Amino acid sequence: MSAAEYFCTGTCDRSNFMHYGLGVDMYTHFTSPIRRYADVVVHRELVASLASHSDFVFESTTGAVQDITTHLNERNACAKQAQRRSSELHHALFFLQQQQLATEASSLVAVEAVVFEVRANALIVFLPSFSFRGTTYLQHRDGSVCFAPPGVDAAALTLQHDRDAHKLSVVNRLSGSIVATFGLMQKLAVDVAVRTSRSHYPRIRLQLSSSCFDLQQVVHFDGKKPQAGLTFRTGSGAPSLEDATSSSSSSSSSSSSSSPSSSSLYAMIQKATPPSALFGRSVYINGRGS
């Protein structure tokens, strides 16, 4: 789905005011004027609309407000792109360090992944221990299958995509039998490699190994086998991610009983859908695809 966008209400039909993701007919936000210029504009419109503040005039035409929203949408997209690229870069640098420290013959690092989208030639997977998602392809550009279970010739395999069932099957063309099936929320072991370049920043590459269904191959970064799931350690005796998560969750649960955290308050504010009376030149969010 496409992302929501700011727009001026005087430039489009009333039916476009709805927000699909929140399920409301009209939606705007104005809760962060200290950091979001769109909220500053809405604040000014609200002040100008109040009778008690009739001395305040919001001197701006519909076209001028629409130009502001266009600029806001462009800057918002750039900010999200920068955030995404920064996350990709730091994840790549982390896994690149693990590759350089690898003592085994293969520099690939096996991690646990969860399938959350199935495509005709690939799986979109999420690495829960790293809050990272990526694409692992099962088919080369020439159409040949790049994944084969142990003892199976990849040249004899083809892919079958069931769009309705959200499943991708690897089928033996000679016998017609299904050798592997992938579906939503399925846990897999994926190999993480980092591709370096002299011209671009390092990029993460995910790929399925022949034993991707064996989660026991998922390893600690100190070379040890995990008992369940994935726990990585950045050095000998260093606290694991699971330890940090459990400690933070216990501390947050004890503090939440006394007063709500800023994140929970922000989530409550985001659920609010205050309407605006300025239908001629108000800044709204077009959330048809969010």
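Just above sits the structure.
Predicted, not measured: the structure shown is a model, and the values here were computed from it.

Draft legend 1. Structural context of the overall build of the protein. Looking only at helices and strands, the protein has four helices and ten strands in total. Counting from the amino terminus, helix and strand elements in the protein follow one another as β-α-α-β-β-β-β-β-β-β-β-α-α-β. Expressed as a percentage of the 290 residues in the protein, the buried residues total 33%. Looking at the protein alone, contacts between residues at least 24 apart form 55% of all its contacts between residues at least 6 apart. Carbon and sulfur atoms make up 53% of the accessible area of the protein, which amounts to about 17400 Å² in all.

Draft legend 2. Local environment of a positive patch on the surface. A surface patch of like charges, here positive, comprises R141, R195, R203 and R205. Here R195 is to be found in strand β8 (residues 187-195).

Draft legend 3. Main features of helix α2 (residues 62-101). Helix length check: α2, at 40 residues, gives a terminal C-alpha distance of 59 Å against a target of 58 Å (1.5 Å per residue), a fit within 8%. Every buried residue of α2 is accounted for by V65, T69, L72, N73, H91, A92, F94, F95, L96, Q98 and Q99.

Draft legend 4. Spotlight on the nonpolar core. The biggest cluster of nonpolar side chains holds 31 residues, and the ones touching the most others in it are L123, L138, F182 and L208. At the level of secondary structure, the elements contributing two or more residues to this core comprise α2, β2 (109-118), β3 (122-127), β5 (157-162), β6 (167-172), β7 (178-183), β8 and β9 (203-208). Considering each element in turn, this core owes the most residues, five residues, to β2. For L208, the contacting residues outside a window of four places in its chain are L123, T136, L138, F147, F182, L188, A189 and V190.

Draft legend 5. Spatial organisation of the sheet that holds β5. Taken together, three strands build an open sheet; the order of strands is β5-β6-β7 and the sheet is antiparallel. Edge strands, defined here as strands with exactly one partner in the open sheet, are β5 and β7. The sheet shows a mean angle of 20 degrees between the axes of neighbouring strands, direction not considered.

Draft legend 6. Spotlight on the packing of aromatic side chains. One pass over the structure, following the stated rule, counts six aromatic pairs. Measuring from ring centre to ring centre gives 5.7 Å for F7 and F17, while their planes differ by 45 degrees; the resulting arrangement is tilted. Of this pair, F7 sits in strand β1 (residues 5-8) while F17 sits in the loop between β1 and α1 (37-49), and the two are ten residues apart along the sequence. Here F7 matches F17 in class, with each residue buried. Between F94 and F95, the aromatic rings sit 5.5 Å apart at their centres with planes inclined by 80 degrees, giving edge-to-face as the arrangement. Neither F94 nor F95 differs from the other in exposure class; each is buried. Cluster of aromatic residues (ring-pair linked, three or more members): F94, F95 and F130. The ring centre of Y201 lies 4.8 Å from the NZ or CZ of R203, which sits over that ring.

Parameters at a glance
- Residues numbered from 1 in each chain as written.
- Predicted model: local features only at pLDDT ≥ 70, side-chain atom pairs only at ≥ 80, totals over all residues.
- Heavy atoms only, no water.
- Helix = DSSP H or I, 4+ residues; strand = E, 2+ residues; numbered from the N terminus.
- Buried < 20%, exposed > 50% of the residue type's maximum accessible area, 1.4 Å probe, protein only.
- Contact = heavy atoms within 4.5 Å.
- Areas by Shrake-Rupley, 256 points an atom, 1.4 Å probe, with all protein chains shown as cover.
- Patch = residues over 30% accessible without salt bridge, like charges linked within 9 Å, V, L, I, M, F, W, Y side chains within 5 Å.
- Salt bridge = Lys/Arg side-chain N within 4 Å of Asp/Glu carboxyl O.
- Lys, Arg positive; Asp, Glu negative; His and termini not counted.
- Charge placed at Lys NZ, Arg CZ, Asp CG, Glu CD.
- Expected span 1.5 Å × (residues − 1).
- Core = buried A, V, L, I, M, F, W, Y, C linked by side-chain atoms within 4.5 Å.
- Pairing = 2+ DSSP bridges.
- Axes fitted to C-alpha atoms, helices over the stretch in contact; angles between N-to-C directions.
- Phe/Tyr/Trp six-rings, centres within 6.5 Å; stacked < 30°, edge-to-face > 60°.
- Lys NZ or Arg CZ within 6 Å of the ring centre and 35° of its normal.

Everything listed here is a matter of coordinates, which is why it stays silent on function.
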